[in-house]
Amino acid sequence: MKKDKGENDQALWDYVTRGIKAYSPPKNLLSTPKALKPVIRAAPRAASKPALPRNPLPQTPASKGFDRATETKLRRGQLPLQGRLDLHGMTQAEAFSALYGFIHAAVAEGKRTILVITGKGQRFEGVLRRMVPQWLEEPELARHIVAITPAQPKDGGSGAFYLRLRKPR
């Protein structure tokens with residue numbers, strides 16, 4: 001007796017999927033932050049109203065900023081940047097890995113003031129621009145950081161951050 005097409009399809013599907021198990025991500029991966037979850041708006045924005053830029057730096061313990069003297073030296077160009085990381089064009093995973101490695105290398109080399117460029121994104125809503133301050137609050141990175149502040153326009157403005165690292169012991 002000849003099997004009908006549905007039975008053949010089902011037999012093939014059973015054969016292909018017999019060794020597949022449900023995916024469970026490792027527990028040590030970062031969870032998806034609320035900032036990346038989709039937002040459903042009740043109505044589309046009016047095209048005539050420009051979107052207001054969001055605060056480039058969420059208020060976090062490390063975002064208290066530089067002390068006045070350091071901030072002034074930075075603005076005047078009297079405090080040289082000892083390292084620079086440009087995250088443009090990277091995925092979140094690549095950017096996190098690069099940021100993690102960059103900060104640990106800078107600490108190992110005794111660097112104090114570094115620049116991390118995220119880019120602004122479209123309408124000031126760049127994913128990396130939003131995520132970098134959150135990543136810097138991770139305990140493994142936060143323990144190395146004294147202050148974080150948006151960069152001067154010459155160094156990337158609100159699409160970049162100055163980081164002040166702890167003094168080596």
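Summarised in this report is the structure supplied together with it. (Residues numbered from 1 in each chain as written. Predicted model: local features only at pLDDT ≥ 70, side-chain atom pairs only at ≥ 80, totals over all residues. Heavy atoms only, no water.)

1. Structural notes on the nonpolar core
And then number 1: L99, I103, V132 and L136 are the most contacted members of the largest nonpolar core, which has 20 residues in total.
And then number 2: With sequence-adjacent residues up to four places away left out, L136 is seen in contact with L99, I103, L141, A142, I145, I148 and L163.
And then number 3: Counting residues in each nonpolar core, the second largest holds 9 residues, with F66, L79, L115 and A151 among its members. (Core = buried A, V, L, I, M, F, W, Y, C linked by side-chain atoms within 4.5 Å. Buried < 20%, exposed > 50% of the residue type's maximum accessible area, 1.4 Å probe, protein only. Contact = heavy atoms within 4.5 Å.)

2. Some words on the environment of G157
And then number 1: Mapping G157 onto the fold places it in the loop between β3 (145–150) and β4 (160–165).
And then number 2: Distance in space between the C-alpha atoms of G157 and K120 is 8.8 Å, their sequence separation being 37 residues.
And then number 3: What G157 contacts, discounting residues up to four positions off in sequence, is P150, A151 and Q152. (Helix = DSSP H or I, 4+ residues; strand = E, 2+ residues; numbered from the N terminus.)

3. Focus: a nonpolar patch on the surface
And then number 1: On the surface, L12, Y15 and V16 cluster together to form a nonpolar patch covering roughly 330 Å² of accessible area.
And then number 2: Among the structural elements, L12 can be located in helix α1 (residues 5–17). (Patch = residues over 30% accessible without salt bridge, like charges linked within 9 Å, V, L, I, M, F, W, Y side chains within 5 Å. Areas by Shrake-Rupley, 256 points an atom, 1.4 Å probe, with all protein chains shown as cover. Salt bridge = Lys/Arg side-chain N within 4 Å of Asp/Glu carboxyl O.)

4. Concerning the environment of L128
And then number 1: Considering the arrangement of structural elements, one finds L128 in helix α4 (residues 127–135).
And then number 2: On the accessibility criterion, L128 (11% relative accessible area) is buried.
And then number 3: The sequence separation of L128 and I117 amounts to 11 residues, and the corresponding C-alpha distance is 9.2 Å.

5. Thoughts on the side chain of T113
And then number 1: Residue placement: T113 occurs in strand β2 (residues 113–117).
And then number 2: Within polar-contact distance, the side chain of T113 engages the side chain of R164 at 2.5 Å.
And then number 3: With near-sequence residues (within four places) excluded, T113 lies in contact with L74, L79, P80, L81, Q82, G83, L163 and R164. (Polar contact = N/O pair within 3.5 Å; in protein donor to acceptor, adjacent residues only side chain to side chain.)

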